[in-house]
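Here is how the chains run, residue by residue.
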Amino acid sequence: MPDATYQVRVSGVIPDELLAELRDLTVSVEPPETVLHGSLPDQSAVVGLISRIHGLGLRLIEVRRLPAGDDQQK
């Protein structure tokens, strides 16, 4: 099963501690949010990312699975 592409929006700025773990994702700051965009291998990776965001006390705004072949940020 191929990786799925996701877009994750978080309120505020993501700490450097988490950014180091997200090197496979594109990170862009669109004040007042940070947007993560990229492929994750499976649902457990998505849940792991959400858990990590929650564990750092960040506010998760949105998680979207993008259609196959959609390589652009929305």
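Coordinates for the structure precede this section.
Thresholds, definitions, all that
Residues numbered from 1 in each chain as written. Predicted model: local features only at pLDDT ≥ 70, side-chain atom pairs only at ≥ 80, totals over all residues. Heavy atoms only, no water. Helix = DSSP H or I, 4+ residues; strand = E, 2+ residues; numbered from the N terminus. Pairing = 2+ DSSP bridges. Axes fitted to C-alpha atoms, helices over the stretch in contact; angles between N-to-C directions. Contact = heavy atoms within 4.5 Å. Buried < 20%, exposed > 50% of the residue type's maximum accessible area, 1.4 Å probe, protein only. Salt bridge = Lys/Arg side-chain N within 4 Å of Asp/Glu carboxyl O. Expected span 1.5 Å × (residues − 1). Arc of directions from axis to C-beta.

Cis rather than trans, the peptide bond between P31 and P32 has omega equal to 5 degrees. Counting through the fold element by element, P32 comes out in the loop between β2 (26–30) and β3 (33–40).

Further remarks concern the sheet that holds β2. One open sheet accounts for four strands, arranged β2-β3-β1-β4; its pairing is antiparallel. Of all the strands in the sheet, the pair left with one neighbour each is β2 and β4 (60–65). Pairwise comparison of adjacent strand axes, ignoring direction, gives a mean angle of 15 degrees for this sheet. The sheet contacts of helix α2 (residues 43–55) involve β1 (4–11), β3 and β4, and relative to β3 the element is tilted by about 155 degrees.

Turning next to the pairing of β1. Most of β1 is tucked away: seven of the eight residues are buried. Pairing of β1 with β3 involves eight bridges; the strand directions are antiparallel. In the sheet register, S11 faces β3, and the bridge partner there is E33. The pairing of β1 with β4 spans five bridges and is antiparallel. From the neighbouring strand, R9 faces β4, where its bridge partner is E62.

Attention now moves to the pattern of salt bridges. Within this structure, the stated rule accounts for six salt bridges. Put simply, E21 and R52 hold a salt bridge, and the shortest N to O gap is 2.9 Å. Linking E21 in the loop between α1 (16–19) and β2 with R52 in helix α2, this pair joins segments that are 31 residues apart in sequence. Judged by relative accessible area, R52 falls into the partly exposed class, the value being 26%. Among the charged side chains, a network of salt bridges with common partners joins R9, E30, E33, E62 and R64.

This brings us to α2. In a regular helix each residue adds 1.5 Å, so 13 residues correspond to 18 Å; α2 covers 18 Å between its end C-alpha atoms and thus fits that length. Taken as a whole, α2 has its buried residues at V46, L49 and I53. Projection of α2 onto a plane perpendicular to its axis shows the buried side chains occupying an angular sector of 65 degrees, all on one side. Turned more than 90 degrees away from the buried face of α2 sit Q43, S44, H54 and G55, all of them exposed. Once α2 finishes, G57 follows within two positions and takes phi at roughly 75 degrees, a positive value.

Note that every value here comes from positions in space, so none of it alone points to a role or purpose.
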